[in-house]
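# Per-entry structural report
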Amino acid sequence: MVLVPSDNWLEEAKAGLLPPISVYWALQDDEQQAMAEGRHDTFKHDPEKHAAQWTAPRIGPLTEEEAIEYLIMKDIPRHIWSVEYNRPMFKIVKTADVPSDRQFRNAWRLAA
Amino acid sequence: MATIKLQGNASGSGTVILTAPSTNSTRTITLPDQDVVLGGAGSIKAWVNYSHTSNVIRDSNQVSSVTDITAGIFTVNWTSAFSNTYYITSVMAGGNNSSTNVPAVGYSFGGGGAATTTLLRSFNAEDVDGGFVDYDNQDVMAIH
């Protein structure tokens, strides 16, 4: 797997427009719990938690590296990056270093 | 001279915030001479033009990233979570210079077929043998 960041999102991150990552985690947790309890078909986010994506205080400008780390914690399943394994589970590289050939790109796996 | 009036709503208690974009240019919003409702239900909330062959996001709005899963399969990660999973999506594929790569496009929500408010998993298959294939133009949009 290869995660490709959006340039527009990166600009927002560098400009300091992102909410705390905990805002997204709270939404993910609620949805995961709904899925686990079999009520996902009718699931709807708590309006206050949902609105926090726009109303929570911004965290301030991030460097490019900090922004990528934030993006990983937002868009990659938590079990991949939050647990210590006996081998590296992912690597942050420049775009030019990502293999363009599908055969080699497939060798990059994020899932355990 | 016509005027612009900002008007509160006495029946609500929330605060409406107009946020400037991250730009060094002067931007102008020109309103049409008719009644409009901005950003209401049914508007396009997110979109992305993604090249799966070169693994590059050409342009996007309200998409934080795309995850290249494997040939013909990728995940679009929305910048902001939707309030529920009943948003509408459209996925298009094309741009391959090959007469055999006639795209058949579909999608599933999240992993394992479950809907999520934070991502959309898409897949394509060429119609000749049903195998998954990357397309140079992957256009995805979400309406809610």
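The structure presented is a predicted model; accordingly, all values stated were derived computationally and were not measured.

### Some words on the overall build of chain B
For chain B, the helix and strand inventory stands at zero helices and eight strands. Going residue by residue from the N terminus, the α and β elements of chain B occur as β-β-β-β-β-β-β-β. Long-range pairs, those at least 24 residues apart, make up 54% of the contacts in chain B with a sequence separation of at least 6.

### Some details on the interface of chain A and chain B
At the interface, 31 residues of chain A touch 29 residues of chain B. Taken together, the elements giving at least two residues each to the side of chain A that touches chain B come down to β1 (2–5), α1 (7–14), α2 (21–36), α3 (47–55), α4 (64–75) and α6 (102–105) of chain A. When residues in the side of chain A that touches chain B are grouped by element, the largest group, five residues, is from α1(A). Among the residues forming the side of chain A that touches chain B, the class breakdown is 13 nonpolar, nine polar and nine charged. Relative to strand β3 (residues 63–70) of chain B, β1(A) is paired through four bridges, and the arrangement is antiparallel. Within β3(B), the position partnered with A:P5 by the bridge is B:S65.

### Comments concerning unusual backbone geometry
All names here are of chain B. In the Ramachandran plot, N55 falls in the positive-phi region, its phi being about 60° despite a non-glycine side chain. Considering the arrangement of structural elements, one finds N55 in the loop between β1 (44–51) and β2 (56–61). Look at N55 and you get partly exposed, because 19 C-beta atoms sit within 10 Å. Positive phi, close to 60°, is recorded for Q62, a residue that is not glycine. Looking at where Q62 falls in the secondary structure, it is placed in the loop between β2 and β3.

### Observations regarding α2(A)
All names here are of chain A. Here α2 spans 22 Å end to end across 16 residues, near enough to the 22 Å set by a 1.5 Å rise per residue. Of all the positions in α2, only V23, Y24, L27 and E31 are classed as buried. Seen end-on, α2 carries its buried residues on one side only, within an arc spanning 95°. Along α2, exposed side chains directed more than 90 degrees from the buried face belong to S22, Q33 and A36. Here the buried face of α2 lies against α3 and α4. Just downstream of α2 lies G38, where phi reads positive at about 70°.

### Quick look at the packing of α1(A) against α4(A)
Two quantities define a packed helix pair, namely the angle between the axes and the distance from one axis to the other. All names here are of chain A. Contact pair α1 / α4: the axes reach a minimum separation of 9 Å and the direction vectors enclose 115°. With respect to α4, the axis of α1 lies roughly perpendicular. When you trace α1 past α4, the crossing you get is right-handed. Residues L10, A13 and K14 of α1 form the contact with α4, whose participating residues are E64, A67 and Y70.

### Some remarks on the domain arrangement of chain A
Residues and elements named next belong to chain A. Each assigned domain of chain A is listed here: domain 1 (1–18 + 58–112) and domain 2 (19–56). The C-alpha-based centres of domain 1 and domain 2 are spaced at 22 Å. The interface is formed by six residues belonging to domain 1 together with four residues belonging to domain 2. Grouping the amino acids of the side of domain 1 that touches domain 2 by side-chain chemistry returns four nonpolar, no polar and two charged.

Analysis parameters
Residues numbered from 1 in each chain as written. Chains lettered and ligands numbered in written order. Predicted model: local features only at pLDDT ≥ 70, side-chain atom pairs only at ≥ 80, totals over all residues. Helix = DSSP H or I, 4+ residues; strand = E, 2+ residues; numbered from the N terminus. Contact = placed C-beta atoms within 7 Å. Nonpolar A, V, L, I, M, F, W, Y, C, P; charged D, E, K, R; others polar. Pairing = 2+ DSSP bridges. Buried ≥ 20, exposed ≤ 12 C-beta atoms within 10 Å, placed from the backbone. Expected span 1.5 Å × (residues − 1). Arc of directions from axis to C-beta. Axes fitted to C-alpha atoms, helices over the stretch in contact; angles between N-to-C directions. Parallel < 35°, antiparallel > 145°, perpendicular 65-115°, else oblique. Left-handed = near helix turned anticlockwise from the far one by under 90°. Domains from an automatic or database assignment.

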